[in-house]
Amino acid sequence: MSIRIDRVVTRGGDTGQTSLGDGSRVFKHSARIEAIGALDELNATVGLLRAHCMDDARASAVLMTLQNLLFDMGADICQPEPTRREGAMHVAQEHVLWLEERIESLQSAQLPLTSFVLPGGSLPAAWAHKARTQTRATERRFVELAQTEQINPVLLKILNRLSDYFFVLSRYFNNNGQADVLWVPGKNRK
């Protein structure tokens, strides 16, 4: 599929509305646009994470695949189910399975958890935690949308697995959990 963008400035959103994939117009604060915007923010966070681990070719390649998947998810969600165009992007269950395989692969080299992990450690690990929390915020937008409109249920599954992936990826970047920053309950008590 080839995409050509001739104009960035279209003036189509000057009145606070934007077009969905089926051509319908909605306000930019609608639940569907909030979900699309959350995906965009998540993708930008993944881009920052990727920029901090370019020397790790394997992790960088997976993150690039995830960025493309996030765009595919945007293409899917921008098509309302009742008016979905023929041949429109529809993300499939295979992506959930692919994510589960990535999670298992990373987790198999990690020691079992003995405490909750605080966001931090290495710079890539901290960005992986940021991606994890941004994924959860995106998931909340999708759940909210799904309360009132029909969406592809696979999208929710992917977002749920994706936050798990970023968690195990953060541990990978912290020497497979050996450099994790662990929560110490009550540490701040006097």
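The structure under discussion appears in the preceding block.
The residue numbering used here restarts from 1 in each chain and proceeds along that chain's sequence as written. Totals for whole chains, interfaces and linings use every residue, but because this is a predicted model, local features are given only for residues with pLDDT of at least 70 and side-chain atom pairs only at 80 or more, for both listing and counting. Side-chain numbers come from the whole structure's heavy atoms, not from hydrogens or water.

Engineer: Talk me through the packing of helix α1 (residues 31–51) against helix α4 (residues 123–148); I want residue IDs and the actual numbers.
Structural biologist: Look at α1 against α4: their axes get within 9 Å of each other, and the N-to-C directions meet at 170 degrees. When the axis of α1 is compared with that of α4, the two are roughly antiparallel. Contact residues: Ala31, Arg32, Glu34, Ala35, Ala38, Leu39, Glu41, Leu42, Thr45, Leu48 and Leu49 in α1; Pro124, Trp127, Ala128, Lys130, Ala131, Gln134, Thr135, Thr138, Arg141, Phe142 and Leu145 in α4. Residues were grouped as follows: Ala, Val, Leu, Ile, Met, Phe, Trp, Tyr, Cys and Pro as nonpolar; Asp, Glu, Lys and Arg as charged; and all remaining residues, including Gly, as polar. Residues of the contact of α1 with α4, tallied by class, amount to 13 nonpolar, 4 polar and 5 charged. As a rule, the C-alpha atoms of each element are fitted with a line to give its axis, helices using only the stretch in contact, and angles between N-to-C directions run from 0 to 180 degrees. Working definition: helices are DSSP H or I runs of at least four residues, strands are E runs of at least two. Numbering for both runs from the N terminus. For this classification, under 35 degrees means roughly parallel, over 145 means roughly antiparallel, 65 to 115 means roughly perpendicular, and everything else is oblique. Residue contacts are counted whenever heavy atoms from the two residues lie within 4.5 Å of one another.

Engineer: Can you explain unusual backbone geometry? Please cite residues and give values.
Structural biologist: The backbone phi angle of asparagine 175 is positive, close to 55 degrees, even though this residue is not glycine. Examined against the element boundaries, asparagine 175 turns out to sit in the loop between α5 (153–173) and β4 (181–182). Relative accessibility decides the category of a residue: with a 1.4 Å probe and only protein chains considered, values under 20% of the type maximum give buried, values over 50% give exposed, and everything between is partly exposed. Under the relative-accessibility criterion, asparagine 175 is labelled partly exposed at 47%. A positive phi angle, near 55 degrees, is found at asparagine 176, a position not held by glycine. If you trace the backbone, asparagine 176 turns up in the loop between α5 and β4.

Engineer: Please give an account of the environment of methionine 73 that cites residues and values.
Structural biologist: Along the chain, methionine 73 turns up in helix α2 (residues 57–77). With 86 residues separating them in the primary sequence, methionine 73 and leucine 159 have C-alpha atoms 9.9 Å apart. Aside from chain neighbours lying at most four places away, what touches methionine 73 is Leu39, Val91, Leu155, Ile158 and Leu159.

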